[in-house]
Number of protein chains: 2
Amino acid sequence: MLDKTDRKLLCMLQEDCTKSLQVLAEAVNLTSTPCWKRLRRLEDEGYIRGRVALLDNQKLGLGLTVFVLIKTQQHSAAWYQTFVQLTAHIPEVLAFYRLAGEYDYLMQVEVADMNSYNSFYKQLVKGVPGLLDVTSTFAMAKIKYTTALPVPE
Amino acid sequence: MLDKTDRKLLCMLQEDCTKSLQVLAEAVNLTSTPCWKRLRRLEDEGYIRGRVALLDNQKLGLGLTVFVLIKTQQHSAAWYQTFVQLTAHIPEVLAFYRLAGEYDYLMQVEVADMNSYNSFYKQLVKGVPGLLDVTSTFAMAKIKYTTALPVPE
DNA sequence: AGTGAAAGAATCACTTA
DNA sequence: TAAGTGATTCTTTCACT
């Protein structure tokens, strides 16, 4: 279980994981060793999945975010396998969820422009048979995007 | 502009930013100093937005991902301000996009369970007047979720 | 782009409450 | 069981080549 100190550490690290042990330790009124032991425990127990660098979409020339809503009639395990194989490994697909509701799947796709999206789209509908409805919804503005989860009390 | 070495460094760091300079440098056939200078440049020029720890939803008791599709008739700047103020600062809202198409906004919300989502939902529809259609779509499975952007050639 | 030195941070064995 | 000290080792950073 997590105490208040653990939660504070997790919050700080999901904002910025370059903070040094010293800084983290001071913030929770510890010295570096007990703080380090906590971090290691949080990592070992799986609270921390990893530490990553976040890159800038625009700088990389990725100007277009598309949300793809998909309906299908195929519900066999084999079809699902193929679908996931063909799509989840495409680097432009950042997120991919199976949904409950009107649509069966939601995909977040990051591409350079409409041209690139067109290529992706063709690849998708050609590669995966049995897609009933593929609705592409384009993002006009990114109001918020964070990787920081709400850390409960 | 980015050369092949820069791109490789960016790719490695968006997988795991705890890699030491030595490891990174070896991977791109450099010694640590020139490698470090590149990283600093990539950071200064804004290619790297930050380095963060990724936490585990389940471990934090966040078992429910909801995508909220919103239609509105309000399009004034003032209304938009209020809407964004009231929603973007809610920690359960991880992502929030303005869309082109049938729906006006898409929100990704991470909560513990249906109960918590109910609270969030009530807070949303009470706090923000003029929401025409708020469709909550629940994720059944997370097939893919990555923060790693495709790094172009 | 590289060398080598200096500064800084993480890690650990051991001690204390 | 949790925190602290101090030594060791590993990393980052920088002046200089």
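Colleague: Explain the overall build of chain A to me, using residue names and the numbers behind them.
Modeller: Summing up its helical and strand segments, chain A has 5 helices and 5 strands in all. In sequence order, the secondary structure elements of chain A are arranged as α-α-α-β-β-α-β-β-α-β. Here the C-alpha radius of gyration of chain A, 20 Å, is well above what a compact globule of 153 residues would show, namely 15 Å. Each principal axis of the C-alpha atoms in chain A carries an extent, and together these give about 60 × 35 × 25 Å. Contacts in chain A between residues at least 24 apart in sequence constitute 65% of all its contacts with a sequence separation of at least 6. Per element, the accessible surface of chain A, about 7700 Å² overall, is 50% carbon and sulfur.

Colleague: Explain the interface of chain A and chain B to me, using residue names and the numbers behind them.
Modeller: Taken together, the contact between chain A and chain B spans 61 residues of the former and 61 residues of the latter. Area buried by chain A at its contact with chain B is led by Y97, I143 and K144 of chain A, which between them contribute 13% of it. Where chain A packs against chain B, one counts 0 salt bridges. For the pair chain A and chain B, the interface holds 31 residue pairs in polar contact (both at pLDDT 80 or more). Looking at the side of chain A that touches chain B, the elements that each hand over two or more residues are helix 1 (4-15), strand 1 (48-55), strand 2 (64-72), helix 4 (77-88), strand 3 (93-100), strand 4 (105-111) and strand 5 (131-145) of chain A.

Colleague: Summarise the packing of helix 1 of chain A against helix 3 (residues 32-44) of chain A; cite the residues concerned and give the values.
Modeller: Residue and element names in this part refer to chain A. In contact at an axis separation of 11 Å, helix 1 and helix 3 are set at 75° when each is read in the N-to-C sense. Of the possible angle classes, the one that applies to helix 1 and helix 3 is roughly perpendicular. The segment helix 1 lies against helix 3, with T5, D6, L9, L10 and L13 engaging C35, R38, L39, R41 and L42. The residue makeup of the contact of helix 1 with helix 3, split by class, is 6 nonpolar, 1 polar and 3 charged.

Colleague: For the side chain of T137 of chain A, give the residues involved together with the corresponding values.
Modeller: By the secondary structure assignment, T137 of chain A is in strand 5. Once residues within four sequence positions are removed from consideration, T137 of chain A is found in contact with T65, V66, F67 and L69 of chain A together with L99 and A100 of chain B.

Colleague: Outline the pattern of salt bridges, supporting the account with residue identities and numerical values.
Modeller: Scanning all chains against the criterion turns up 13 salt bridges over all chains. For R41 of chain A, the salt bridge is made with E45 of chain A, and the minimal N-O distance between the two is 3.6 Å. Classification of R41 of chain A as partly exposed rests on a relative accessible area of 28%. Note on E45 of chain A: relative accessible area 34%, which makes it partly exposed. Of the charged contacts in the structure, one is a salt bridge between E43 of chain B and R51 of chain B, with a shortest N-O distance of 3.1 Å. For E43 of chain B, a relative accessible area of 35% gives the class partly exposed. One salt-bridge network, held together by shared partners, links D3, D6, R38, R41 and E45 of chain A.

Colleague: I'd like a rundown of the protein's contact with DNA strand D, residues and numbers included.
Modeller: Around DNA strand D sit L30, T31, T33, P34, K37 and R38 of chain A together with S20, L21, T33, W36 and R40 of chain B, and that is every residue in its neighbourhood. Each atom of DNA strand D within 4 Å of the protein was assigned to sugar, phosphate or base; sugar and phosphate come to 63%. Contact distances for DNA strand D include 3.1 Å between a base oxygen and a side-chain N or O atom of K37 of chain A. Residue T33 of chain B places a side-chain N or O atom 2.4 Å away from a base nitrogen belonging to DNA strand D. Listed by contribution, the elements that provide at least two residues to the surface near DNA strand D are helix 3 of chain A together with helix 3 (32-44) of chain B.

Colleague: Any details on the domain arrangement of chain A? Residues and values, ideally.
Modeller: Domains assigned within chain A are domain 1 (4-44) and domain 2 (64-138). Taken over C-alpha atoms, the centre of domain 1 of chain A sits 39 Å from the centre of domain 2 of chain A.

Colleague: Lay out unusual backbone geometry with the relevant residues and their values.
Modeller: Most peptide bonds adopt trans geometry, and most residues besides glycine take a negative phi value. One non-glycine residue, N29 of chain A, lies in the positive phi region at around 55°. Looking at the element boundaries, N29 of chain A is found in the loop between helix 2 (21-27) and helix 3.

About the criteria used
- Residues numbered from 1 in each chain as written.
- Chains lettered and ligands numbered in written order.
- Predicted model: local features only at pLDDT ≥ 70, side-chain atom pairs only at ≥ 80, totals over all residues.
- Heavy atoms only, no water.
- Helix = DSSP H or I, 4+ residues; strand = E, 2+ residues; numbered from the N terminus.
- Rg over C-alpha atoms; globule rule 2.2 N^0.38 Å.
- Contact = heavy atoms within 4.5 Å.
- Areas by Shrake-Rupley, 256 points an atom, 1.4 Å probe, with all protein chains shown as cover.
- Buried area = accessible area lost by both parts, 1.4 Å probe.
- Salt bridge = Lys/Arg side-chain N within 4 Å of Asp/Glu carboxyl O.
- Polar contact = N/O pair within 3.5 Å; in protein donor to acceptor, adjacent residues only side chain to side chain.
- Axes fitted to C-alpha atoms, helices over the stretch in contact; angles between N-to-C directions.
- Parallel < 35°, antiparallel > 145°, perpendicular 65-115°, else oblique.
- Nonpolar A, V, L, I, M, F, W, Y, C, P; charged D, E, K, R; others polar.
- Buried < 20%, exposed > 50% of the residue type's maximum accessible area, 1.4 Å probe, protein only.
- Near = heavy atom within 4 Å.
- Domains from an automatic or database assignment.

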